[in-house]
Number of protein chains: 2
Amino acid sequence: MKSDVEIAREAHLDEIQVIAERLNIPKDKLKPYGRYMAKIEGRAFEDHDEARGKLVLVTAINPTPAGEGKTTTNIGLAMAMDKMGKSTISTLREPSLGPVFGIKGGAAGGGYAQVLPMDDINLHFTGDFHAITSANNLIAAAIDNHIHQGNELGIDPKKISFKRVLDMNDRALREVIVAMGPKKNGVIRQDGFDITVASEIMAILCLARDLEDFKARVGRIIIGYTYDEKPVYVKDLEVAGAVTMLMKDAILPNLVQTIENTPAIIHGGPFANIAHGCNSIIATETALHLADYTITEAGFGADLGAEKFLDIAAPEAGFTPDCIVVVATVRALKYNGGVAVKDLGEEDVDALKAGFVNLKRHVENMKSYGVPVVIAINKFPTDTEAELKTIDELAVGLGVDVALSDVFSKGSEGGMELAEKVVALCEAPNSYAPLYDTNLPVEEKIEMISKKIYGAKDVVYSDDALAMIERIKKLGRDKLPVCMAKTQMSFTDDPTKLGSPEDFTIHIRDIRLSNGAGFIVALTGAVMTMPGLPKVPAANGMDIDAHGVITGLS
Amino acid sequence: MKSDVEIAREAHLDEIQVIAERLNIPKDKLKPYGRYMAKIEGRAFEDHDEARGKLVLVTAINPTPAGEGKTTTNIGLAMAMDKMGKSTISTLREPSLGPVFGIKGGAAGGGYAQVLPMDDINLHFTGDFHAITSANNLIAAAIDNHIHQGNELGIDPKKISFKRVLDMNDRALREVIVAMGPKKNGVIRQDGFDITVASEIMAILCLARDLEDFKARVGRIIIGYTYDEKPVYVKDLEVAGAVTMLMKDAILPNLVQTIENTPAIIHGGPFANIAHGCNSIIATETALHLADYTITEAGFGADLGAEKFLDIAAPEAGFTPDCIVVVATVRALKYNGGVAVKDLGEEDVDALKAGFVNLKRHVENMKSYGVPVVIAINKFPTDTEAELKTIDELAVGLGVDVALSDVFSKGSEGGMELAEKVVALCEAPNSYAPLYDTNLPVEEKIEMISKKIYGAKDVVYSDDALAMIERIKKLGRDKLPVCMAKTQMSFTDDPTKLGSPEDFTIHIRDIRLSNGAGFIVALTGAVMTMPGLPKVPAANGMDIDAHGVITGLS
């Protein structure tokens, strides 16, 4: 089979104006970035019927080294529904440059289920992440400058939680000392860089409703505390206006298309551990007004991304998901059943049965939200008839349908079965409600997620975590939803525990307040917020020739 | 008078396609960024007549706190020539976000001589500087990752000269320690951040002819030395391809328009101290093929920016400047004559005469290149008849014309006198030749610039500088041109020595090799490559409202 970039190069792309016209986006609301990308200005849907389209959430089992293909399934499903004659938009997160040059590579789907132009989307796209980097680092510069210029606010350099960011996998920046050298370089202190997608600005972009809301949230970010333990907000530094100005275009959702010319809106991309892992509310809201069906996705497995979509983003936005697709692969289920990566190509029905428990718990969790659920098996060439039949049989006991998806190899044609089932389920009874009432105490919210979604028997808090919960109560911000920062590899906080572990404890190591974004982060174990490059980075295999033809990007 | 942003808001902008059509740029060579900005793809001029337009260089006296208005004069001159019926393009450097949020504010002209849309141009524009930041920091991450992963090349962490960059005024990042913490964070070392415009990638962007040349130059960047003193190149890290891929759009020149719809090409913006301070060769080359007149500019005073344009950029590109405009103001000349900033509004003919020597030496220097010269006096409301008459009289002795320019208040109308003189001078005899033969020894090149342009009596080298000159000779790179890094405030290396100092020594503190860009940097005194924010940064006065209306940006 051809490589992603080869397939992409052979695709016929419509000019972005053509895609926009199909969605009835007024011409004056379209801000083109080249011929095939555009931002949608203002509320493009203002003149349209207020009736909303159906919302489909694509999530997955716990990620494995075998790969699940959640984004690919999302794109393929949208293409298949489009082919059925249903007006459909795929809404996705923007790729981060860090992983593109590291191990993961691009994040624009794969095979015959890609969003295009894949090279631009994977590189700078329309500059949103660069704007976030600038906005974040303007705040950081303002903090150190404020201290250097006399520190009127009394910021304690030892209590600054706001970090600098870069959209790069750069391990050397995780922990740094800044302001070395002469007095004019400022006040020396320990600091660190996160990757841009881990920035609170990114989370805010994805939860804000408009410029005004964005600015208010940025103003509320707590950058640290004073010597006498009072919170210091971005608004105290008087840069919330400048930061919002930097984001004036980044806040607009980006319109592109799939390889089969189905519209796609790609906007925002927060981490699914220390943030909520979903594309922007603005993007999804826009899509819901422009099309009859919107296919969105959430990062990592359903225990992280989908839980946060259902408990943080959807309640914030007022969305009701009409159907949830849980993606799994035969290979990943066998991996969960104990098969080593190198042996995943071999038929192993017993391992598949053993690993199915992971999928089972995710499906049960999703059903517990009251939303119709369907399993999508993202097909691989090594899958056997016996294995696929086993999944069908096991799914019967769960009371959910299974659809085989082969969009990677076949495009929309490979997604028709899933598309038909999704369309049907969108009409099924729906009693969606978030897992918890945000008015509950912080500990209770954490326990509900840990016990009901993860299956933990109890939750243990560090002293630091308990102290921070107290501080949050005193600040009157304990009614915010909880954003769990947990390994994506397991239901537990131990990445080696696959399948469906039971009788385990969740350890809350630390608590942070993302006061601007509007959630309380509960950290279990160490969460990596600045990845490193591998021994041979993906960057080393990338090139561009004299004619601008790119190789090595996938 | 109205503020810049108010004037900008009232302007009528043509759609960028209309501007492009006037220049006969084929539609398929235009890559729009919104409605009023576009990149010009490929060699837009390929199908045009190869006959080149005339090239006008706008430069100035030494910068003073009083301001000279070089960019404003460039823009106003282009507008006036356009009004005369001459096909003209203004080519300028892109503003840097750092100064926008610091003291300087925007850099898109002012009053009725602006390039538009000024907010976009001053903020992210088409993302070129962000691409440079990413490209630069990918190299930096690759360096530390290489060392962490076993250091096969034997890079000595104490001899790494390649720094990280951010497009931000952030004093705390000037000197940092990276890779603190556990072993997995890499090998601890001292490092620092420059502002993006000081990056060698920026200099390369502005000197490269095309993607291929860009990639070759990036590959040649020396990032540091091994334990046994061998140079380590970017190509050794195998990321020159990925870096060039990141720059695929940034290398294309940006088309915008002036407030009177005259085409402007704004591309690149290297420092005029440690780099050469001119917009990209690609931009100027493009303009020369699209219009009969191209008005370009060079950073700081004529001793820095213009010298480098004439000795580095023009020879590299094969350009012959047809006319040089030296911009001065009555106020700045009085400042050079010893008047304090607060008193510059008062008439003072004697001080003006005393300060004229600064302008005189710049004009004589420019004439020494064999190019016709004209003085532009950028008018201020406080200028008196007696003062303006004095300048006219003094200029007679120099054998050059003086034109009064009032484009800030009057737009093209205020630039007609200058435009007419420039058009005439472009037909005058021209014997342009660079100052020195690049085959001369490094010390001789430095001495020619120091003595003939600055007026120094001698040059003194530090031991470090002499050692580096030796190293460059051994590397066989001593035939490159010299890029002087000197204070912009004075002909000397002491910023307090105004006017036309004599009998002074230039101190070469250090020498650097910008091997990718292709020049040898001679540093006199400390050169600031990462500015800081002032006590009240310009950012604090900036805002954007719910409707996207920006205030405080100028």
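Numbering of residues begins from 1 in every chain and follows the order in which that chain's sequence is written. In the order they appear in the text, chains get letters beginning with A and ligands get numbers beginning with 1. The model is predicted, so local features are restricted to residues of pLDDT at least 70 and side-chain atom pairs to those at 80 or more, both for listing and for counting; the totals for chains, interfaces and linings are taken over all residues. Side-chain measures were taken over the full set of non-hydrogen atoms in the model, leaving aside hydrogen atoms and water.

Residues and elements named next belong to chain B. For every residue, the accessible area (1.4 Å probe, protein chains only) is compared with the maximum for its type, and the residue is labelled buried under 20%, exposed over 50%, or partly exposed between those bounds. Here a helix means four or more residues in a row that DSSP labels H or I, a strand means two or more in a row labelled E, and each is numbered from the N terminus. Taken together, the buried positions of helix 16 (residues 416-425) are occupied by M416, L418, A419, V422 and V423. For helix 16, the arc enclosing every buried residue in end-on projection is 155°, short of the 170-degree limit, so these residues lie on one face. Looking at the buried positions of helix 16, the neighbouring elements they touch are strand 3 (54-60), helix 3 (70-83), strand 16 (293-297), strand 17 (323-328), strand 18 (373-378) and strand 19 (401-405). It is the directions from the helix axis to the C-beta atoms whose arc is reported. Residue contacts follow a heavy-atom distance rule, with two residues in contact if any of their heavy atoms lie within 4.5 Å.

So, about the UniProt feature "binding site: ATP" (unreviewed entry) in chain A. Residues and elements named next belong to chain A. UniProt positions are given in the numbering used here, feature names are shortened, and annotations may be inferred rather than shown by experiment. Look at the UniProt record and you will see "binding site: ATP" (unreviewed entry) annotated at T64, P65, A66, G67, E68, G69, K70 and T71. Here G67 lies in the loop between strand 3 (54-60) and helix 3 (70-83). Apart from the residues lying within four places of it in its own chain, the contact partners of G67 are T329 and A332. By the element assignment, T71 lies in helix 3. Relative accessible area serves as the criterion here: at 17%, T71 is assigned to the buried category. Those residues within four positions of T71 in sequence are excluded, and the remaining contacts are L92, A107, G109 and E297.

Look at the link from A:L116 to A:P117: it is a cis peptide, with omega at 0°. Among the secondary structure elements, A:P117 is positioned in the loop between strand 6 (113-116) and helix 5 (118-122). The backbone of A:N261 sits at a positive phi, close to 70°, despite the residue not being glycine. The residue A:N261 is located in the loop between strand 14 (254-258) and strand 15 (263-266) in this model. We classify A:N261 as buried; its relative accessible area is 14%. Backbone geometry at B:F300 places phi at a positive 55°, although glycine is not the residue there.

All right, on to the pairing of strand 6 of chain A then. Residue and element names in this part refer to chain A. Alternating residues of strand 6 divide into A113 and V115 and Q114 and L116, and every residue in both groups is buried. Connecting strand 5 (residues 109-110) to the antiparallel partner strand 6 that follows it, the hairpin turn spans two residues, and G111 within it adopts a positive phi of roughly 60°. When DSSP finds two or more bridges between a pair of strands, those strands are recorded as paired. In the sheet, strand 6 pairs with strand 14 via two bridges, with the strands oriented antiparallel. The residue bridging L116 from the neighbouring strand is Q257, located in strand 14.

Moving on to the sheet that holds strand 12 (residues 222-226) of chain B. What links the strands of a sheet is backbone hydrogen bonding, and the strands pair in either a parallel or an antiparallel sense. All names here are of chain B. Spatially, 7-12-13 is the arrangement adopted by the three strands of the open sheet, whose pairing is antiparallel. Each having just a single partner strand, strand 7 (155-160) and strand 13 (231-233) make up the two edges of the open sheet. Averaged over neighbouring strand pairs, the angle between their axes works out to 50° when direction is ignored. Summarising the sheet, strand 7 and strand 12 pair through two bridges and their orientation is antiparallel. Within strand 12, the residue paired with I155 across the bridge is T226. Sitting on the sheet, helix 6 (residues 128-148) touches strand 7 and strand 12, and the angle it makes with strand 7 is about 130°. Fitted lines through C-alpha atoms give the axes, limited to the stretch in contact for helices. The angle between two N-to-C directions lies from 0 to 180 degrees.

Salt bridge, as applied in this entry: a Lys or Arg side-chain nitrogen positioned within 4 Å of an Asp or Glu carboxyl oxygen. Within the structure shown, the criterion is met by 75 salt bridges over all chains. Residues B:K83 and B:E413 are paired through a salt bridge, measuring 3.4 Å at the closest nitrogen-oxygen approach. You can see B:K83 sitting in helix 3 and its partner B:E413 sitting in the loop between helix 15 (407-410) and helix 16, a full 330 residues away along the chain. Overlapping salt bridges bring together A:D144, A:R164, A:R189, A:D191 and B:D170 as one network.

Residues and elements named next belong to chain B. With respect to the helices and strands, the residue L13 is situated in the loop between helix 1 (4-10) and helix 2 (16-22). In sequence terms L13 and V482 are 469 residues apart; their C-alpha atoms lie 42 Å from each other. Once residues within four sequence positions are removed from consideration, L13 is found in contact with Y36, L116, Q257 and N261.

Right, let's talk about the environment of A:E307 for a bit. All names here are of chain A. Within the fold, E307 resides in helix 11 (residues 302-317). Remark: the alpha-carbon pair of E307 and T59, spanning 248 residues in sequence, is separated by 9.7 Å. With residues up to four places along the chain from it excluded, the contact list for E307 reads A302, I312, Y369, Y436, I449 and I453.

It is worth spelling out the nonpolar core at this point. If you look at soluble globular proteins, the nonpolar side chains tend to sit buried side by side. Put simply, buried Ala, Val, Leu, Ile, Met, Phe, Trp, Tyr and Cys residues joined by side-chain atoms within 4.5 Å make one nonpolar core. If you look at the biggest cluster of nonpolar residues, it comprises 324 residues, and the most contacted ones within it are A:F101, A:I139 and B:F101. Every residue in contact with A:F101, bar those within four places of it in the chain, is listed here: A:L123, A:L533, A:P537, A:A538, A:A539, A:M542, B:L138, B:A242, B:M245 and B:L246.

A word on the relation of the copies chain A and chain B. We place the copies in one frame by least squares, fitting the C-alpha atoms of every residue whose pLDDT is at least 70 in both. Superposition of chain A onto chain B requires a rotation of 180° combined with a translation of 0.0 Å along the rotation axis, giving an RMSD of 0.0 Å. Expressed as an axis order, the relation between the two copies is that of a two-fold axis. When the interface residues of chain A are mapped onto chain B, 100% of them again lie at the interface, so the same face is used by both copies.

Looking now at the interface of chain A and chain B. Taken residue by residue, the interface counts 75 residues in chain A and 75 residues in chain B. By convention, the term buried area covers the 1.4 Å-probe accessible surface removed from two parts as they join, with the contributions of both added. Carbon and sulfur atoms make up 60% of the area that chain A and chain B hide from each other, which totals about 6300 Å². When the area that chain A buries against chain B is broken down by residue, the three leading residues are A:R171, A:M245 and A:I544, summing to 10%. Counting across the chain A and chain B interface gives eight salt bridges. Whenever two N or O atoms come within 3.5 Å, that pair is a polar contact, provided that in protein one can donate a hydrogen and the other can accept it, and provided that, for residues adjacent in sequence, both atoms are side-chain atoms. The tally of links from chain A across to chain B stands at 40 residue pairs in polar contact (both at pLDDT 80 or more). Broken down by element, the side of chain A that touches chain B gets its largest block of residues, ten residues, from helix 6 (residues 128-148) of chain A.

The next point concerns the packing of aromatic side chains. The description of two aromatic rings rests on the distance between their centres and on the angle between their planes. Note on aromatic pairs: the rings of Phe, Tyr and Trp (six-membered ring only in Trp) are paired at centre separations within 6.5 Å, and the planes decide the class, stacked below 30 degrees, edge-to-face beyond 60, tilted for the rest. If you walk through the whole model with that rule in mind, you get two aromatic pairs over all chains. When the ring of A:Y33 is compared with that of B:Y33, the centres are 5.6 Å apart and the planes differ by 65°; the resulting orientation is edge-to-face. Of the two residues, A:Y33 is situated in the loop between strand 1 (30-32) and strand 2 (38-40) and B:Y33 in the loop between strand 1 (30-32) and strand 2 (38-40); the pairing between them involves two chains. In terms of burial, A:Y33 and B:Y33 fall into one category: buried. Consider the rings of A:F193 and B:F193, whose centres lie 5.5 Å apart with planes at 0°: the pair is stacked. With A:F193 in strand 11 (residues 193-195) and B:F193 in strand 11 (residues 193-195), the pair connects residues from two separate chains. In terms of burial, A:F193 and B:F193 fall into one category: buried. A cation over an aromatic ring shows up here: A:R471 above the ring of A:Y225, its NZ or CZ 3.8 Å from the ring centre. A ring is scored as having a charge over it whenever the NZ atom of a lysine or the CZ atom of an arginine sits within 6 Å of its centre and within 35 degrees of its normal.

This part covers helix 11 (residues 302-317) of chain B. Residues and elements named next belong to chain B. Take the residue count of a helix, subtract one, and multiply by 1.5 Å to get its expected span. The terminal C-alpha atoms of helix 11 lie 19 Å apart, and with 16 residues this falls more than 12% below the ideal 22 Å at 1.5 Å per residue. At F309, helix 11 shows its largest bend, some 40°. Most of helix 11 is tucked away: 14 of the 16 residues are buried. After helix 11 finishes, the residue G318 shows a positive phi value of roughly 80°. Fitting axes to the seven residues that end at a residue and to the seven that start at it, the angle between those axes gives the bend at that residue.

Before going further, it helps to examine the packing of helix 11 of chain A against helix 17 (residues 442-454) of chain A. Residues and elements named next belong to chain A. Remark: helix 11 packs on helix 17, axes separated minimally by 11 Å, with the N-to-C direction vectors making an angle of 125°. The orientation of helix 11 with respect to helix 17, classified from their angle, is oblique. Judged by the sense of rotation from one axis to the other, the crossing of helix 11 with helix 17 is right-handed. On the side of helix 11, the interface is formed by D303, L304 and E307, while helix 17 contributes I449, I453 and Y454. Comment on the angle field: the value is read as roughly parallel under 35 degrees, roughly antiparallel over 145, roughly perpendicular from 65 to 115, and oblique elsewhere. Crossing handedness is defined as follows: a turn of the near helix away from the far one that is anticlockwise and smaller than a right angle gives a left-handed crossing, while the clockwise case is right-handed.

We now examine the sheet that holds strand 12 (residues 222-226) of chain A. All names here are of chain A. Taken together, the three strands give an open sheet; going across it, the order is 7-12-13, and neighbouring strands pair in antiparallel fashion. Edge positions in the sheet fall to strand 7 (155-160) and strand 13 (231-233), since each of these pairs with one other strand and no more. Direction aside, neighbouring strands of the sheet carry axes that sit 50° apart on average.

Here the focus is the confidence of the model for chain A. Mean pLDDT over chain A stands at 95; residues scoring 70 or higher make up 98%. Reported for the predicted complex are a pTM of 0.96 and an ipTM of 0.96. Known as pLDDT, the predictor's per-residue confidence is scaled from 0 to 100.

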